[in-house]
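Structural overview for review
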Number of protein chains: 2
Amino acid sequence: MTDQAAFQRARSAQAKQARETAILDAARDLAGRRGIREVTLTDIAAEVGMHKSALLRYFETREQIFLDLTAEGWREWSAALCADLAQHEQAAPAVVADAFAATLSARPMFCDLLAQAPLNLERNVSTEAVRAFKLVTLEEVARIGGELHRLLDLTEAQAVDTLATATSMAGALWQMATPGPLLRQLYTSDPRLGHALVEVEPRLRRVLTALLIGLRAGTP
Amino acid sequence: MTDQAAFQRARSAQAKQARETAILDAARDLAGRRGIREVTLTDIAAEVGMHKSALLRYFETREQIFLDLTAEGWREWSAALCADLAQHEQAAPAVVADAFAATLSARPMFCDLLAQAPLNLERNVSTEAVRAFKLVTLEEVARIGGELHRLLDLTEAQAVDTLATATSMAGALWQMATPGPLLRQLYTSDPRLGHALVEVEPRLRRVLTALLIGLRAGTP
């Protein structure tokens, strides 16, 4: 390859990356304002100022864009959680559960994505896109699992169960906690439906505290 | 009201109920064969031999049909679980967790519905349909909660947390366990992706056993 060709290729790769970043930024902004379920590919294309057919040269589907944001969410959340856990030389289950609940509930879009990924996102992309996504989550699960082993002496299998519970519950509870204005009004106006109003952080903290205590006690 | 009018009204109510039952049966059959996400309102209408517009006189939306099946699923699962738990005068957390995991994993369509309800079903029906659905779930939560109190001395709040965990995890794990043939092949062919292959029953049993042990130990 000549210097000229190498330069052209680098510049083209750089331009492609800039476009992808702009598309992800637009999707993130729109989803932050409206919620993921309300954002279409046409909306994203309009926000970034591209034609939809041009956008499809960078991402296969709407779902691939949001699966990429889910991978980004895993990296960002894992870094924040591990930074939090790294401050402790040792920690009781409640302290670890608190770190999980606080960092997850502070990331509402990530919670939404965690529920959408297995139901919708992973089913509307290529297997290569799923492979890339799964490799990111595996890496972050291993990183967080290392902290759970260091602080609470959890085995790898126990750490994987804890992460599956934390992320699945964060996704499901977030869906219940944000039912939209009409249902929220129903739940507050009918005293029988008090249970339907869910708060993500305290419930996640309670469930994970009990889970970690139970895992440390060992299963009989 | 004359006898004649009363008779007409009763017959018409009976006919309406028969139609509704036929529609729910058709939706249940189709979902059992294909999975809920693949079943449209047009499919259900064709299966029951009605025009789509006629079907809409009985149910508001496709989602109302599946929300009704979710309510039915709650009643049927709760009865099976409570019958199972009622056989014990006392039971260790692992025995109770086992009953939850066995009865939930034996009901794959209910697991699928448990994940779909807060994400999709409750958002595409009238508030009255959601109210009716929530009242069914509250009743069954109270019934199962009574068994958890009797066997493990859980408080009402602890029972509600346990049920939220059991049903949310059953829904999320079922979605992960049934990724479709292409992804299943990816997960079995790439040794790095072993973690992506999830089995609902053993993981649910492990998580709920630890949760119940931790709840009984009390949160520090």
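Residues numbered from 1 in each chain as written. Chains lettered and ligands numbered in written order. Predicted model: local features only at pLDDT ≥ 70, side-chain atom pairs only at ≥ 80, totals over all residues. Heavy atoms only, no water.

Quick look at the environment of B:Arg19 now. Residue and element names in this part refer to chain B. As for its placement among the helices and strands, Arg19 is situated in helix H1 (residues 3-34). The exposure class of Arg19 is partly exposed, given its relative accessible area of 38%. Sequence spacing of Arg19 and Tyr58 is 39 residues, and the spatial spacing of their C-alpha atoms is 7.8 Å. Every residue in contact with Arg19, bar those within four places of it in the chain, is listed here: Met50 and Tyr58. (Helix = DSSP H or I, 4+ residues; strand = E, 2+ residues; numbered from the N terminus. Buried < 20%, exposed > 50% of the residue type's maximum accessible area, 1.4 Å probe, protein only. Contact = heavy atoms within 4.5 Å.)

In this section: the pattern of salt bridges. For the coordinates displayed, the defined rule picks out 36 salt bridges over all chains. Across the pair A:Glu122 and A:Lys134 runs a salt bridge, and its minimum N-O distance is 3.3 Å. Of this pair, A:Glu122 sits in the loop between helix H6 (108-119) and helix H7 (127-152) while A:Lys134 is found in helix H7, placing the two residues twelve residues apart along the sequence. Across the pair A:Asp161 and B:Arg206 runs a salt bridge whose closest N-O atoms are separated by 2.6 Å. In this pair, A:Asp161 is assigned in helix H8 (residues 156-177) and B:Arg206 in helix H10 (residues 200-217), connecting two distinct chains. Residue class for B:Arg206 comes out partly exposed when judged on its relative accessible area of 38%. (Salt bridge = Lys/Arg side-chain N within 4 Å of Asp/Glu carboxyl O.)

By secondary structure assignment, the location of B:Asp190 is in the loop between helix H9 (181-189) and H10. On the basis of relative accessibility, which here comes to 5%, the residue B:Asp190 falls in the buried class. A distance of 2.7 Å separates the side chain of B:Asp190 from the side chain of A:Arg131, its partner in a polar contact. (Polar contact = N/O pair within 3.5 Å; in protein donor to acceptor, adjacent residues only side chain to side chain.)

Moving on to the nonpolar core. Membership of the largest hydrophobic core comes to 147 residues, with the highest contact counts inside it found for A:Ile44, A:Phe66, A:Phe100, B:Ile44, B:Phe66 and B:Phe100. Not counting chain neighbours up to four residues away, the residues in contact with B:Phe100 comprise B:Trp77, B:Leu81, B:Ile144, B:Leu148, B:Leu163, B:Ala166 and B:Leu208. (Core = buried A, V, L, I, M, F, W, Y, C linked by side-chain atoms within 4.5 Å.)

On to the interface of chain B and chain A. Each partner contributes to the interface: chain B provides 49 residues, whereas chain A provides 50 residues. In total, about 4500 Å² of surface goes out of reach between chain B and chain A, with carbon and sulfur atoms giving 68% of it. On inspection of chain B and its partner chain A, the count reaches six salt bridges. Between A:Arg203 and B:Asp161 there is a salt bridge, with its nearest N and O atoms 3.0 Å apart. Our count for the chain B to chain A interface comes out at twelve residue pairs in polar contact (both at pLDDT 80 or more). Elements supplying a minimum of two residues to the side of chain B that touches chain A: helix H6 (108-119), helix H7 (127-152), helix H8 (156-177), H9 and H10 of chain B. Of the residues that constitute the side of chain B that touches chain A, the class distribution is 26 nonpolar, twelve polar and eleven charged. (Buried area = accessible area lost by both parts, 1.4 Å probe. Nonpolar A, V, L, I, M, F, W, Y, C, P; charged D, E, K, R; others polar.)

Turning next to the relation of the copies chain B and chain A. Expressed as a screw operation, the relation of chain B to chain A combines 0.0 Å of axial shift with a rotation of 180°, fitting to an RMSD of 0.0 Å. Such a combination of turn and shift is consistent with a two-fold rotation axis. Interface residue correspondence from chain B to chain A reaches 100%, placing this contact among same-surface, isologous pairings. (Least-squares fit on C-alpha atoms with pLDDT ≥ 70 in both.)

Next up on the list: the packing of H1(B) against helix H2 (residues 41-48) of chain B. All names here are of chain B. Closest axis-to-axis distance for the H1/H2 pair is 9 Å, and the angle between their directions is 115°. You can see that H1 and H2 cross each other, and the crossing is right-handed. From H1, Ala22, Ile23, Ala26, Ala27, Leu30, Arg33 and Arg34 reach across to H2, where they touch Asp43, Ile44, Glu47 and Val48. Across the contact of H1 with H2, the residue classes break down as seven nonpolar, no polar and four charged. (Axes fitted to C-alpha atoms, helices over the stretch in contact; angles between N-to-C directions. Left-handed = near helix turned anticlockwise from the far one by under 90°.)

Residue and element names in this part refer to chain B. Running from N to C, H1 and helix H4 (residues 62-86) cross one another at 85°; their axes reach a closest spacing of 10 Å. By the angle between their directions, the pair H1 and H4 is classed as roughly perpendicular. Taken together, the residues of H4 that come into contact with H1 (itself represented by Ile23, Leu24, Ala27, Arg28 and Ala31) are Ile65, Phe66, Asp68, Leu69 and Glu72. A per-class count over the contact of H1 with H4 returns seven nonpolar, no polar and three charged. (Parallel < 35°, antiparallel > 145°, perpendicular 65-115°, else oblique.)

This brings us to helix H2 (residues 41-48) of chain A. Along an α-helix, a turn takes 3.6 residues, which lines up residues three or four apart on a common side. All names here are of chain A. Buried residues of H2: Leu41, Ile44 and Ala45, and no others. Angular distribution of buried residues about the axis of H2 spans 100°; they occupy a single face of the element. Backbone geometry just after H2 places Gly49 at a positive phi near 75°. (Arc of directions from axis to C-beta.)

Looking now at unusual backbone geometry. Backbone geometry at A:Asp153 places phi at a positive 60°, although glycine is not the residue there. Here A:Asp153 is to be found in the loop between H7 and H8.

This paragraph deals with the confidence of the model for chain A. Across chain A, the average pLDDT comes to 93, with 98% of residues at or above 70. ipTM for the predicted complex: 0.92, alongside a pTM of 0.92. (pLDDT = per-residue confidence, 0-100.)

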